[in-house]
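Examining the three-dimensional arrangement
Given next are the chains, with one letter for each unit.
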Amino acid sequence: MIELYAITDERAPRLPPIAPLSAVASHGLAAVYAPADAELQVSPEALWQHERVVEALMEDRDLLPVRFGTRLEDEAAAARSLEERHQEFAGALARVRGAVEVSVRVLGETPRPQPSESLSGAEYLRARARSESAAEAVSTAIHEPLSSRARACAKLSAPDPAELLRAAYLVDRDELSAFVACVEELDEANPGLSVLCTGPWPPYSFSAP
Amino acid sequence: MSPSTIAERDVALIDLIDRLLGGGVVIAGDITLAAADVDLVYVSLRALISSVATAEEKNVLPRLGSAL
Amino acid sequence: MRDKFLHAPRNLDPFAAEQPRLDDALSRRVNADPEKLERGLAQLVLTVVELLRQLMERQALRRIDGGTLSEDEVERLGRTFMELDKRMEQLRTEFGLTEEDLNLNLGPLGNLL
């Protein structure tokens, strides 16, 4: 069994020594993998370990990260997969070339109302309307200025209703510090909101065709 | 470990999980993760539901409103 | 992982609020179990129901904004939606689903709900 980490260009720098990595090439692309143990470990430590490998690769090459836990029989299976979908992968790789992913999460102070006996029907609906418009306001105040600085963006879902925005932005490597400066400005300018920004991540949210 | 370190670790882990388990190229292999069959149904549902959502945005679903 | 922070707010704790659910999310996303199919089916059905509930709620909010509803009608609508909200929560609990489970990522369109 092999475990896949990323899809890169066939012509790429030497693989980093962070893990026993190998690459198999087809149609100008390469799949980077390592031998896999029988049992897949899913723990925060295993996820971070996987992430460290992909980040080491990301340092000196463009790549499409592969979903965690993707295991194939052998190198030949990986080569077949590249062969079958090389156009799709090449297109996706071109879209993320020279860019990294940045995560932004925004918390607000207008939680969604919960049903309760003490609330009248009209009060409940008005509270719902207020929380809807708070989310829209965040979209205008934070998401729009950030997406105008990004090559692409994707909204992700957040389980906590107080989290008004959870989004991923695809940002050019040279634009990263300007993007973070913009996040800082927006956080300053919106005292009722709390903004968290992490990255740079491999372009996980922008790897789908 | 100080409380702030725990928070830092946990907060970054949320972003990590969103990405490693929810993003990245999906290659059908030995699908150890996720309920693969259900995921596939979701993919086709997506197309259907996004068109419903678009219709709603454009206000072309009056019957939903009058059903209230 | 400290180095993943590009910009952190003064108080980070609220951003870790969903942590108790993470372990659960990790274990649920791995390994099939016999109840998986039933749960998956419930998830699909409830997602569609939740979509309809939210579409109707948005329509209702729009009508209130439009001022075409009487106080009495607004009150009745509000009670109905509150009741629906409660029922959905009961169903979610029954099948071990979170609110996040009833959402679909529509790629470039963002999330369904």
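The rules behind the values
Residues numbered from 1 in each chain as written. Chains lettered and ligands numbered in written order. Predicted model: local features only at pLDDT ≥ 70, side-chain atom pairs only at ≥ 80, totals over all residues. Helix = DSSP H or I, 4+ residues; strand = E, 2+ residues; numbered from the N terminus. Buried ≥ 20, exposed ≤ 12 C-beta atoms within 10 Å, placed from the backbone. Contact = placed C-beta atoms within 7 Å. Nonpolar A, V, L, I, M, F, W, Y, C, P; charged D, E, K, R; others polar. Expected span 1.5 Å × (residues − 1). Pairing = 2+ DSSP bridges. Axes fitted to C-alpha atoms, helices over the stretch in contact; angles between N-to-C directions. pLDDT = per-residue confidence, 0-100. Core = buried A, V, L, I, M, F, W, Y, C linked by C-beta atoms within 7 Å.

All right, on to the overall build of chain A then. Within chain A, the secondary structure is distributed over 5 helices and 9 strands. Tracing chain A from N to C terminus, the helices and strands come up as β-β-β-α-β-β-α-α-β-α-β-β-α-β. Dimensions of chain A, computed from the C-alpha atoms along their principal axes, are close to 65 × 40 × 30 Å. Looking at the 209 residues of chain A, the share that counts as buried comes to 41%. Across chain A, contacts joining residues at least 24 apart in sequence account for 74% of those joining residues at least 6 apart.

Time to look at the overall build of chain B. Of regular secondary structure, chain B possesses 3 helices and 1 strand. Within chain B, the fraction of its 68 residues that count as buried is 26%.

What follows deals with the interface of chain A and chain B. Residue-level contacts link 27 residues of chain A with 19 residues of chain B. Considering each element in turn, the side of chain A that touches chain B owes the most residues, 5 residues, to helix α1 (residues 44-58) of chain A. Tallied by class, the residues present in the side of chain A that touches chain B amount to 16 nonpolar, 8 polar and 3 charged.

All right, on to helix α3 (residues 71-94) of chain C then. It helps to recall that an α-helix has 3.6 residues per turn; residues three or four apart then point in one direction. If you check α3 of chain C, its first and last C-alpha atoms are 35 Å apart, about what 24 residues at 1.5 Å a residue would give, namely 34 Å. Phi for Gly96 of chain C, located one or two positions after α3 of chain C, is positive at around 65°.

Right, let's get into the pairing of strand β1 (residues 2-9) of chain A. All names here are of chain A. Among the 8 residues that make up β1, 7 are buried, leaving the element largely enclosed by the rest of the structure. As defined by bridge partners, β1 adjoins strand β3 (residues 29-35) across 7 bridges and the pair is classed as antiparallel. Paired with Leu4 across the two strands is Tyr33, which belongs to β3. As paired elements, β1 and strand β5 (residues 70-72) share 2 bridges and run antiparallel to each other. For Glu3, the partnering residue across the bridge sits in β5 and is Arg71.

A common way to state how big an interface is: give the accessible area lost once the parts meet. Contacts between the two partners involve 32 residues from chain A and, on the opposite side, 39 residues from chain C. When residues of the side of chain A that touches chain C are traced back to their parent elements, those giving at least two are β6 (99-107), α4 (121-148), β7 (152-155), α5 (176-189) and β9 (194-201) of chain A. No other element matches α4 of chain A, which puts 7 residues into the side of chain A that touches chain C. Sheet topology note: the β9 of chain A/strand β1 (residues 5-7) of chain C ladder contains 2 bridges and is antiparallel. The residue bridging Thr198 of chain A from the neighbouring strand is Phe5 of chain C, located in β1 of chain C.

Moving on, we get to the sheet that holds strand β8 (residues 163-172) of chain A. A sheet is described by the order of its strands in space; here 5 strands give the open sequence β7(A)-β8(A)-β6(A)-β9(A)-β1(C), paired in antiparallel fashion. In this open sheet, the two strands that pair with only one neighbour each are β7 of chain A together with β1 of chain C. Direction aside, neighbouring strands of the sheet carry axes that sit 25° apart on average. Looking at chain direction, β6 of chain A and β8 of chain A are connected through 9 bridges and run antiparallel. Counterpart to Val104 of chain A in the pairing with β8 of chain A is Ala167 of chain A.

Our next topic: the environment of Ser147 of chain A. Residues and elements named next belong to chain A. Structurally, Ser147 can be placed in helix α4. Once the C-alpha coordinates of Ser147 and Ala168 are considered, the two residues, 21 residues apart in sequence, prove to be 9.3 Å apart. In this structure, Ser147 is in contact with Cys153 and Tyr169, ignoring residues within four places of it in sequence.

All names here are of chain A. Among the 9 residues of β6, 9 are classified as buried, and the element is accordingly described as predominantly covered. Across the two faces of β6 the burial is the same, with Ala99, Glu101, Ser103, Arg105 and Leu107 and Val100, Val102, Val104 and Val106 all buried. Direction of pairing for β6 relative to β9: antiparallel, over a ladder of 6 bridges. Looking across to β9, one finds that Glu101 is bridged to Trp201.

In the predicted model, chain B carries a mean pLDDT of 58, and the fraction of residues at 70 or more is 31%. Mean pLDDT values for the elements of chain B range from 41 in helix α3 (residues 62-66) of chain B up to 79 in helix α1 (residues 3-20) of chain B.

Core analysis: the biggest nonpolar cluster contains 67 residues, and Ile7 and Val104 of chain A have the highest contact counts within it. With near-sequence residues (within four places) excluded, Val104 of chain A lies in contact with Leu146, Leu165, Ala167, Tyr169, Val183, Val195 and Cys197 of chain A. Counting 6 residues, the second-largest nonpolar core is a separate cluster that includes Tyr124 and Leu125 of chain A together with Leu77 and Met82 of chain C.

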